[in-house]
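So the chains spell out like this:
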Protein chains: 2
Amino acid sequence: MTLSLRQRRRLETARDIQKATLELAISHGLENVTTEEIAASAGVSTRTFFNYYSNKEAAAIGVPPGFREEDKDALRQGTASLASDLKLFLDRHMGRLAADEAVLRMVGSVLRSNEKARGILDGFLASERHELTECLCARVNDRQVAAALASNATNATERAISLWEQEENLSLVAALDIIWEGVMSAARLLTAASE
Amino acid sequence: MTLSLRQRRRLETARDIQKATLELAISHGLENVTTEEIAASAGVSTRTFFNYYSNKEAAAIGVPPGFREEDKDALRQGTASLASDLKLFLDRHMGRLAADEAVLRMVGSVLRSNEKARGILDGFLASERHELTECLCARVNDRQVAAALASNATNATERAISLWEQEENLSLVAALDIIWEGVMSAARLLTAASE
DNA sequence: GCATAAATTGCACACCATGCAAGGATCTGG
DNA sequence: CCAGATCCTTGCATGGTGTGCAATTTATGC
């Protein structure tokens, strides 16, 4: 086995706490739930709750999946057009997010009403954006351009998730397709008749 | 006079509290400053502090200037290329932000280290993005494309501010020029050899 | 097994944020 | 200029948040 008993238990309680947080948040609203209630519902002491997460908003968000090294490598070394390589990268990442749709939907609901939670996620997204910028520097040789592309990409992901939340019967990857189409149209509009 | 004594005083104390918050945050870090200290420094009671702002992060951010109706009208009814009309719009907005550079710099410093503050600002930016999306719908007739353009625009503003914070001797509008160049290059790269 | 490291917990404490009610300042119309 | 309405400020009480510390229990590696 690759994980020790201690490590497995740690991951397990972390998940238990997040699960308890999200369930209580969905039924009563995160603002109206105390850390004490969450801890009790997860079967740990209040003090232990704070050993895992620094506050209830962080507990609700948990640890979102980051980019995979393999995917980043593929993007850096891709030989197709930048647009299609980038789309492929986002598709893979989105596929990973889709693995936990239930959690994603609950987290989204919390984010809509809680400022603090948004801030925590925003910090996480900022570091993802930075990571992607570094990665894209291997393709474009200009940091500002790489940053613009990375912003486009992470924004597209966010908007795709938001679209998926609104529309029933629309998968995450299908939502990303729609959003990406918009991104490409916007790029064409911006370049049209300029210069 | 257009404002009553009451209204003027209200604006004034709101500014006093923000000023006190930012000054204390700069010298000690917002985390290490209590609402009690801020209130005392602003010359009001703790209770009054909370009558103006719901927490110290909101007090630090204050009320950022939103988009002007005149600028939005100009964007909706613009006849030049979309890219240049949008750039003009952003330039005007940035000029307005530049009017209070000192505050902007202090707020930026707070945002870098405070999650809750980021979340509050992010909520504000989301509503600005939404506003801009509505506005752009008058130009592009497709909501997803408008949303992509609006994201590009607000992201460019954020990155321009961040660049301005890093580089000494670079004005806000000059920073926006650099960032915008990157946005346009990115758009060209995305459209190149695709389709 | 046994020493070591890590996890859990209770407790104390400072800080945050809100409701309520009393008192003071400002505004409005006569 | 004054009386009532309205808004603003404040103190107080209260419940929730988050951290430091020390004691106890539970894995781990030798």
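Our structure is the block above this text.
Because the structure is a prediction, the values reported are computed rather than measured.

Asker: In this structure, what is going on with the interface of chain A and chain B? I would like to understand it.
Answerer: One widely used convention gives an interface's size as the accessible area the parts lose upon coming together. With 38 residues of chain A at the interface, the matching set in chain B holds 38 residues. At the boundary of chain A and chain B, one finds zero salt bridges. Counting residues per element, the side of chain A that touches chain B draws most heavily on helix H10 (residues 172–191) of chain A, which supplies 12 residues. Of the residues that constitute the side of chain A that touches chain B, the class distribution is 20 nonpolar, 11 polar and seven charged.

Asker: Sorry if this is basic, but what is going on with the protein's contact with DNA strand D here?
Answerer: Every one of the 21 residues lining DNA strand D counts as a neighbour, but A:Arg9, A:Arg47, A:Lys116, B:Arg6 and B:Thr48 are closest to it. Note that a phosphate oxygen of DNA strand D is positioned 3.1 Å from one of the backbone N or O atoms of A:Thr35. Residue B:Thr48 places a side-chain N or O atom 2.7 Å away from a phosphate oxygen belonging to DNA strand D. Secondary-structure elements contributing two or more residues to the surface near DNA strand D are helix H1 (5–28) and helix H3 (46–52) of chain A together with helix H1 (5–28) and helix H3 (46–52) of chain B. A total of four residues in the surface near DNA strand D trace back to one element, the largest contributor, which is H3(B). Classifying every residue of the surface near DNA strand D gives five nonpolar, eight polar and eight charged.

Asker: Any chance you could explain the relation of the copies chain A and chain B here in plain terms?
Answerer: Copy one and copy two of the chain differ by a rotation about a common axis and a shift along it. Laying chain A over chain B is done by rotating through 180° and shifting 0.0 Å along the axis; what remains is an RMSD of 0.1 Å. Such a combination of turn and shift is consistent with a two-fold rotation axis. The rotation axis passes nearest to the C-alpha of A:Gly119 in chain A, at a distance of 1.6 Å.

Asker: Looking at this model, I keep getting lost on the protein's contact with DNA strand C. Mind explaining?
Answerer: As a matter of local geometry, DNA strand C sits amid 21 residues, with A:Thr48, B:Arg6, B:Arg9, B:Arg47 and B:Lys116 nearest to it. Put simply, 63% of the atoms of DNA strand C that lie within 4 Å of the protein are in sugar or phosphate. At a separation of 2.6 Å, a base oxygen of DNA strand C approaches a polar side-chain atom of B:Arg6. Between DNA strand C and B:Thr35 there is a distance of 3.1 Å, counted from a phosphate oxygen to a backbone nitrogen or oxygen. When residues of the surface near DNA strand C are traced back to their parent elements, those giving at least two are H1 and H3 of chain A together with H1 and H3 of chain B.

Asker: Before we go on, may I ask you to explain empty space enclosed by the protein in this structure?
Answerer: Which parts of space are left empty comes out when a probe the size of a water molecule is rolled across the atoms. Counted by the stated rule, this structure contains one cavity of 30 Å³ or more. Reported here for the largest cavity is a volume of approximately 40 Å³. Every residue along the wall of the largest cavity is listed here: A:Asn152, A:Val183, A:Ala186, A:Ala187, A:Leu190, B:Asn152, B:Val183, B:Ala186, B:Ala187 and B:Leu190. The set of elements that each furnish at least two residues to the lining of the largest cavity consists of H10 of chain A together with helix H10 (172–191) of chain B. Here the lining of the largest cavity is composed, by residue class, of eight nonpolar, two polar and no charged.

Asker: Just to check I follow, could you spell out helix H6 (residues 82–98) of chain B for this structure?
Answerer: Three or four residues apart is the spacing at which side chains of an α-helix point the same way, because the helix has 3.6 residues per turn. When the terminal C-alpha atoms of H6(B) are compared, their 24 Å separation across 17 residues agrees well with the 24 Å that a helix rising 1.5 Å per residue should span. Within the sequence span of H6(B), burial applies to B:Leu82, B:Ala83, B:Asp85, B:Leu86, B:Lys87, B:Phe89, B:Leu90, B:His93, B:Met94 and B:Leu97. Residues of H6(B) that are buried make contact with H10 of chain A together with helix H5 (69–77), helix H7 (101–113), helix H8 (115–140), helix H9 (143–166) and H10 of chain B.

Asker: Please explain the packing of aromatic side chains as it appears in this structure.
Answerer: When we look at a pair of aromatic rings, we describe it by the centre distance and by the angle of the planes. Residues and elements named next belong to chain A. In this structure the tally under the stated criterion is four aromatic pairs over all chains. With a centroid separation of 5.1 Å and an interplanar angle of 90°, the aromatic rings of Phe49 and Phe50 are classed as edge-to-face. Given the relative accessible area of 0%, Phe49 is considered buried. Taking the centre distance of 5.0 Å and the plane angle of 55° together, the rings of Phe67 and Phe89 count as tilted. Separated by 22 residues along the polypeptide, Phe67 in the loop between helix H4 (56–61) and helix H5 (69–77) and Phe89 in helix H6 (residues 82–98) bring together distant segments of the chain. Exposure class is identical for Phe67 and Phe89. Each is buried. Sitting over the ring of Trp164, Arg105 keeps its end group 4.1 Å from the ring centre.

Definitions and limits used
Residues numbered from 1 in each chain as written. Chains lettered and ligands numbered in written order. Predicted model: local features only at pLDDT ≥ 70, side-chain atom pairs only at ≥ 80, totals over all residues. Heavy atoms only, no water. Contact = heavy atoms within 4.5 Å. Salt bridge = Lys/Arg side-chain N within 4 Å of Asp/Glu carboxyl O. Helix = DSSP H or I, 4+ residues; strand = E, 2+ residues; numbered from the N terminus. Nonpolar A, V, L, I, M, F, W, Y, C, P; charged D, E, K, R; others polar. Near = heavy atom within 4 Å. Polar contact = N/O pair within 3.5 Å; in protein donor to acceptor, adjacent residues only side chain to side chain. Least-squares fit on C-alpha atoms with pLDDT ≥ 70 in both. 1 Å grid on protein atoms, 1.4 Å probe; cavity = no way out; pocket = protein on both sides within 12 Å on 5 of 7 lines; lining within 4 Å. Points joined across faces, edges and corners; volume = space filled by probe spheres on them. Expected span 1.5 Å × (residues − 1). Buried < 20%, exposed > 50% of the residue type's maximum accessible area, 1.4 Å probe, protein only. Phe/Tyr/Trp six-rings, centres within 6.5 Å; stacked < 30°, edge-to-face > 60°. Lys NZ or Arg CZ within 6 Å of the ring centre and 35° of its normal.

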